[in-house]
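Working through the structure, step by step
Single-letter residue listing:
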Amino acid sequence: MLDLHHTYSDTNVSGNSILNQRNTHKVITDLLTHNAQMAVIGLGYVGLPLALEFARKLDLVGFDIKQNRVNMMNANEDPSGELPRSAFDNRKINFTANVNDLADAKFYIVAVPTPVDANKKPNLNALISATQMVGSVLKKGDYVVFESTVYPGCTEEVCQPILENNSGLKVGIDFKIGYSPERINPGDKKHTLTKITKVVSGCDQEACDVIADVYSMIIEAGVHPATSIKVAEASKIIENTQRDINIALMNELSMIFEKVGIRTQDVLDAAGTKWNFLKFYPGLVGGHCIGVDPYYLVHKANELGVNARLIAASRAVNDNMPQHVANRIVKQLREDGIANMDAKVLVRGITFKEDVQDIRNSKAAEMVQHLKSMGINVTVEDPQAVPSEVMHEYGIEATSNPTGEFDCIVLAVPHKEFNEDTIDKYLSMSTAQPFIFDFRNTIKDVPRGVVYMTL
Ligand SMILES: NC(=O)c1ccc[n+]([C@@H]2O[C@H](COP(=O)([O-])OP(=O)(O)OC[C@H]3O[C@@H](n4cnc5c(N)ncnc54)[C@H](O)[C@@H]3O)[C@@H](O)[C@H]2O)c1
């Protein structure tokens, strides 16, 4: 008896319990009876949790090109600093950087980075080289599923030909491909991998069914089979594009309301009493997903002759925010009679968002760099970021214990540690003329006389 626990939810899958109606596929039988292995390629924020989850049921090979990361994982350590050591307990995973260890793999999941280059164009280097490697070891009957975020068409137009050329095999006949986007929200402890509906897709119905069944082994929330690979790719990229556009709108509104002389939060509180007003807030959009993925869609649109003006404009608005907030700080300091060279500013939070240690594409760091370039003395405090990484990535010193008095305190990233601080803490770290810039409006009971700004 196979221990495939079936988790299609009624709401996510059209038709009745699909799995019970069809014979279990050989790939699944082989995986569940440990006659074949699953291989996860790229063990970062996405790949490692996925590999650990599947390893509860299957034999896993976890492949990463970085030997130092492999060594850490073999020592039960998550190089991304997200998972506790206990996450590795009772898991059978061969962490490796050796392609020969993929010999017994039958089901590949590729989760390598898909960043943009200096011109904000898709940088597919990691995806291409990972696909070339999988192509070089591909066998008849194998499955390859891509999880990296890409534009619609990338899997079939870029990855599929590489797999075919490098293996000499034909998709749909000799092997199958699919796409299943990862939808985790960094730092979110509630909506975790197994609790988010998984969108799955395949190059044909059989592939889609098998891929759905494989993910159903671990995804408690159920799977949603998309009608094609392109649909699955597009579904992921529009989730982040939609957020980006909505946050850009809030950022633009906050620039208008600043000039009007009213608080954006007050406006949102009032407008939010309508049942269909969407709850978005102004903020810095950094990281490797929302601040990156829309560029992939803009690129594809351009290729197809569509001018994706709204998406591109939203990216521009959000990318301009670090400069905009730095200018607001300098303007207020000047109004308070403090020259840039004399100003001491404390920036609380340097990660790309709250409650993560990830500093990639941090807009708080970009803001600090703007302030520094204007001659301001900036101290950075972050209880979660790794100081050596902040220095390496941005040349910025980060501390968890700042001292002295500051002309301005910026609560840029509201980590949970900062949210425990009362206004008294801010006042005790301020000069006689307190100026607090609380991006997300989280500090309570700010007394009169304090210059208190929000986005
Ligand atoms: N981090 C998230 O929250 C998140 C959420 C949804 C989707 N995604 C998408 O998932 C993909 C992976 O993102 P991530 O955050 O896990 O990236 P990451 O940078 O944390 O990890 C990627 C891993 O892949 C490895 N790698 C790079 N090139 C490789 C290659 N050629 N072969 C094998 N391994 C290779 C790296 O060494 C690293 O360990 C991206 O497309 C990203 O957009 C990420």
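A quick note: this is a predicted structure, and the numbers were derived from the prediction, not measured.

The rules behind these values
Residues numbered from 1 in each chain as written. Predicted model: local features only at pLDDT ≥ 70, side-chain atom pairs only at ≥ 80, totals over all residues. Core = buried A, V, L, I, M, F, W, Y, C linked by C-beta atoms within 7 Å. Buried ≥ 20, exposed ≤ 12 C-beta atoms within 10 Å, placed from the backbone. Domains from an automatic or database assignment. Helix = DSSP H or I, 4+ residues; strand = E, 2+ residues; numbered from the N terminus. Pairing = 2+ DSSP bridges. Axes fitted to C-alpha atoms, helices over the stretch in contact; angles between N-to-C directions. Contact = placed C-beta atoms within 7 Å. Near = placed C-beta within 6 Å. Nonpolar A, V, L, I, M, F, W, Y, C, P; charged D, E, K, R; others polar. Parallel < 35°, antiparallel > 145°, perpendicular 65-115°, else oblique. Left-handed = near helix turned anticlockwise from the far one by under 90°. Arc of directions from axis to C-beta.

1. A short note on the nonpolar core
Counting 125 residues, the largest nonpolar core has V40, I41, Y108, V345 and I350 as the members making the most contacts within it. Each of domain 1 (18-227) and domain 2 (320-455) contributes no fewer than three residues to this core.

2. As for the pairing of strand β12 (residues 408-411)
Burial along β12 is two-sided: the residues C408 and V410 and I409 and L411 are all buried. With four bridges joining them, strand β9 (residues 344-348) and β12 adopt parallel strand pairing. Residue pairing for β12: R348 is matched across the bridge by L411. As defined by bridge partners, β12 adjoins strand β13 (residues 435-438) across three bridges and the pair is classed as parallel. When the bridges of β13 are listed, V410 appears paired with F437.

3. Quick word on the sheet that holds strand β2 (residues 60-63)
Spatially, β3-β2-β1-β4-β5-β6-β7-β8 is the arrangement adopted by the eight strands of the open sheet, whose pairing is mixed. Here the strands that pair on one side only, and so sit at the sheet edges, are β3 (93-96) and β8 (223-225). Strand-to-strand, the axes of this sheet are offset by a mean angle of 20°, without reference to chain direction. Where helix α5 (residues 125-137) meets the sheet, its contacts fall on β1 (37-41), β4 (105-110) and β5 (143-146), and the angle it forms with β4 comes to roughly 175°.

4. So, the domain arrangement of the protein
For the protein, the domain assignment lists domain 1 (18-227) and domain 2 (320-455). If you average the C-alpha positions of domain 1 and of domain 2, the two centres end up 39 Å apart.

5. Here's the deal with the site of the ligand
Of all residues adjacent to the ligand, which total 28 residues, the nearest are G42, G44, Y45, V46 and S148. Partitioning the shell around the ligand into residue classes produces 14 nonpolar, nine polar and five charged.

6. Things to note about the environment of H25
Position of H25 among the secondary structure elements: in the loop between α1 (18-21) and α2 (26-32). On the basis of neighbour count, H25 is assigned to the partly exposed category, with 16 C-beta atoms found within 10 Å.

7. With respect to the packing of helix α8 (residues 229-260) against helix α11 (residues 309-319)
Remark: α8 packs on α11, axes separated minimally by 8 Å, with the N-to-C direction vectors making an angle of 55°. Judged on the interaxial angle alone, α11 and α8 are oblique. α8 and α11 meet at a crossing whose hand is left-handed. Between α8 and α11, the contacting residues are T241, D244, I245, I247, A248, N251 and E252 on the first element and L310, I311, S314, R315, V317 and N318 on the second. In terms of residue class, the contact of α8 with α11 is made up of six nonpolar, four polar and three charged.

8. Examining α11
When we look at burial in α11, the residues that qualify are I311, S314, R315, V317 and N318. The arc that holds every buried residue of α11, seen down its axis, measures 160°, which confines them to one face. Structural note: α11 exposes R309 and A316 on the side pointing more than 90 degrees away from its buried face. Structurally, α11 contributes buried residues whose contacts are with α8, α10 (293-303) and α12 (321-335).

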